[in-house]
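Chain residues, written in single-letter form:
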Amino acid sequence: MAIPFSYSLRNLWTRRLTTVLTASGMALVVFVFAATLMLAEGLRKTLVETGSYDNVVVIRKSANSEVQSGVDRAQASIIESQPEVARGTDGRLLLAKELVVLINIPKRESNKPANVVIRGISPASLLLRPQVRLSEGRMPRPGSAEVIAGKSIARRFKGGGIGETLRFGMRDWTVVGIFDAGTTGFSSEIWGDVDQLMQAFRRPAYSSVSFKLQDVTAFDQFKKRVEGDPRLTVEAKRETRYYEDQSEAMAKFLRIMGITLTVIFSLGAVIGAMITMYAAVANRVVEIGTLRALGFQKMSILAAFVMESLLLGLLGGVAGLSGASFMQLITISTMNWQTFSELAFSFTLTLDILWKSLLFSVGMGFVGGVLPAFRAARMNIVEALRSS
Amino acid sequence: MGMGNGKPPIVEIAHLSKSYRRGSQTIPVLEDITFDIADGEFLALMGPSGSGKSTLLNLIAGIDKADEGTIRVGGVDITSLSERELAAWRAANVGFIFQFYNLMPVLTAFENVELPLLLTGLSRNERREHVELALQLVGLSDRVDHYPAQLSGGQQQRVAIARAVVSDPAILVADEPTGDLDRVSAGEILQLMDRLVREFDKTIIMVTHDPRAAEKARIIRHLEKGILTDSDGQPASPVAGS
């Protein structure tokens, strides 16, 4: 009983200029929609991949991030003595007492200063994070003013390259190595010996204590005991959870902003589609009357025009998405509002974003096409035929 | 009751009235029309503009609603059908031929002719056979994949005729089928219609201004101010062709 699909498709092709212009409007909206979701996803992915599930981060209670946290030496020792802490093959504890400090260094391109995380590390820090590996140079010697820089830092900040020097904590620090941490947040950090850095920044306390669990399932009992210990004022989180919490505020902001913007933009695109479809109906009044006379039901007419509008939306969606997929080649950096430090990440296209964007575009097509389609379906046959 | 060709009636119209409202005014278009059309007849409806002949044709074809009276086509009272039922009835029983052909410009000749068959239960292969047969009948087997814009007016009207006959409907209705054609093409179309009646026993009801077209018809009825008359101008008796 249906009017052939090719009828809808070929009508779009027949007025291809209008089709392309209308679809472009929708493509732009889908582009913005997909791009902001990709941005939020990229940020989330970067931060979440920074953590691993069997690692635990201990920070001061009610501190949102390591930057705000402080764990003094006595408390750190108590955590160190807990039975859940795993040991490495050499029998040493897989536990790192770390310091996190923000410093301000200028970017290579703009010379504008930005916040960067300096992490004071212990020997176990690298063992806890297998995704981090030294790609160039060597590790800093203990007791010396040497640091290693994440590859994002090396590329984007002045003095971050190997052999260059950075000035902070009233000392010059030589970059002796570059480490690659993939797409994780560590790539945007500078690492140095924790004792040297505590001295330089005159910090009496560590920022956090991280360790690997001996038994992955033992987290809950550790958390309960440590958080109930009257000598300690700390909070324990799984590392994955810790980083996901950090990404949440920013990712949520991006998603809400993106969706709000695109909903407003989409009104314009929907009105464009509606005008196009009303014009299409007006140009084909006689055809509609003829089809009805031949015996096609109102529903068939409605379906044919809605189909045409859905195809228009789909075309816009595919165009917008293919544009957005090129954004994956771009790496951007932004302030991580949880730590107030620079974080580099990429637009990430996921299957979830893909179908959401297509659904969104087809939805725009539907909303734009449904009223004109109703007008077409409800036309009086005799009057429609007479307009020839 | 027998008619001009001695066959039983396929269309029976009784006390048919129709008026249009324009603002607060009611303008009568058809008044108490009663007549029959025999199966296999070729009838021309003539009359000045506004005489109601197109309205009468639309009512018989089931695309307009009467105010009063009944129209029976092949025994079915179409004035009692719902809009949905009427659409299905049209698909099975009426072939349309329009003045401006009314082909879908984005569909090929083949696809245009196939349209009415999409409303039947025929398989793809059966549809192709029917369409090819219909296009062969109108002499356009070599234009199957042409779009309407690639065909002359006469050829387009022949595609439209193929579309009208492809589902083998009970009646063909034609509204000024030669109105947009030159003399030669118009002659060909009329010849084709004549052949449909003679060789294939089709029933054609045609509205026309063209005396040459009316000549081809076997019976001519005149409509004037909503009243049906015989060819001689006398009010028509209820039985046509008497």
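About the thresholds
- Residues numbered from 1 in each chain as written.
- Chains lettered and ligands numbered in written order.
- Predicted model: local features only at pLDDT ≥ 70, side-chain atom pairs only at ≥ 80, totals over all residues.
- Heavy atoms only, no water.
- Patch = residues over 30% accessible without salt bridge, like charges linked within 9 Å, V, L, I, M, F, W, Y side chains within 5 Å.
- Areas by Shrake-Rupley, 256 points an atom, 1.4 Å probe, with all protein chains shown as cover.
- Salt bridge = Lys/Arg side-chain N within 4 Å of Asp/Glu carboxyl O.
- Lys, Arg positive; Asp, Glu negative; His and termini not counted.
- Charge placed at Lys NZ, Arg CZ, Asp CG, Glu CD.
- Helix = DSSP H or I, 4+ residues; strand = E, 2+ residues; numbered from the N terminus.
- Buried < 20%, exposed > 50% of the residue type's maximum accessible area, 1.4 Å probe, protein only.
- Contact = heavy atoms within 4.5 Å.
- Domains from an automatic or database assignment.
- Polar contact = N/O pair within 3.5 Å; in protein donor to acceptor, adjacent residues only side chain to side chain.
- pLDDT = per-residue confidence, 0-100.
- Phe/Tyr/Trp six-rings, centres within 6.5 Å; stacked < 30°, edge-to-face > 60°.
- Lys NZ or Arg CZ within 6 Å of the ring centre and 35° of its normal.
- Buried area = accessible area lost by both parts, 1.4 Å probe.

## So, a negative patch on the surface
Residues and elements named next belong to chain B.
- A surface patch of negative charge is lined by Glu31, Asp32, Asp67 and Glu68.
- One can find Glu31 in strand β2 (residues 25-38).
- A relative accessible area of 42% means that Glu31 is categorised as partly exposed.

## As for the side chain of Ser167(B)
- With respect to the helices and strands, the residue Ser167(B) is situated in the loop between α5 (153-165) and β7 (171-175).
- When near neighbours in sequence (up to four residues on either side) are disregarded, Ser167(B) contacts Ala91(B), Pro116(B) and Leu117(B).

## Examining the domain arrangement of chain A
- Split into domains, chain A comes out as domain 1 (5-48 + 246-386) and domain 2 (62-232).
- With centres defined by C-alpha atoms, the gap from domain 1 of chain A to domain 2 of chain A works out at 46 Å.

## Remarks on the environment of Asp142(B)
- Assignment of secondary structure puts Asp142(B) in the loop between α4 (124-137) and α5.
- A distance of 3.0 Å separates the side chain of Asp142(B) from the side chain of Arg143(B), its partner in a polar contact.

## Concerning the confidence of the model for chain A
- Chain-level pLDDT for chain A is 89 on average; 97% of the residues reach the 70-or-more range.
- The element-level mean pLDDT for chain A is lowest in strand β11 (residues 331-336) of chain A, coming to 68, with helix α9 (residues 285-294) of chain A highest at 96.

## With respect to the packing of aromatic side chains
- Considering all chains together, one arrives at 9 aromatic pairs over all chains under this definition.
- Consider the rings of Tyr242(A) and Tyr243(A), whose centres lie 4.9 Å apart with planes at 80 degrees: the pair is edge-to-face.
- Overall, Tyr243(A) belongs to the buried group, its relative accessible area being 5%.
- For the ring pair Phe96(B) and Phe98(B), a centre distance of 5.7 Å and an interplane angle of 5 degrees mean the geometry is stacked. Of the two residues examined, Phe96(B) and Phe98(B), each falls in the buried class.
- Among the aromatic side chains, those forming a connected cluster through ring pairs are Phe179(A), Phe186(A), Trp191(A), Tyr242(A) and Tyr243(A).
- Of note, Arg16(A) hangs over the ring of Trp13(A), and the distance from its end group to the ring centre comes to 4.5 Å.

## Quick word on the interface of chain B and chain A
- At the junction of the two partners, chain B supplies 25 residues and chain A supplies 24 residues.
- Counting the surface chain B buries against chain A, the share from its top three residues, Met104(B), Val106(B) and Leu119(B), is 26%.
- Put simply, chain B and chain A have 3 salt bridges between them.
- For Arg292(A), the salt bridge identified is with Glu83(B), shortest N-O distance 3.2 Å.

## Some thoughts on the pattern of salt bridges
Residue and element names in this part refer to chain A.
- Under the definition given, this model contains 36 salt bridges over all chains.
- The closest approach of N and O atoms between Asp180 and Lys151, which form a salt bridge, is 3.4 Å. In this pair, Asp180 is assigned in strand β7 (residues 171-180) and Lys151 in helix α5 (residues 151-156), connecting sequence segments 29 residues apart.
- Its relative accessible area of 18% is what places Asp180 among the buried residues.
- Given a relative accessible area of 31%, Lys151 falls into the partly exposed group.
- Counted as one network, the salt bridges with shared partners bring together Glu66, Glu98, Arg119, Arg129, Glu189 and Glu239.

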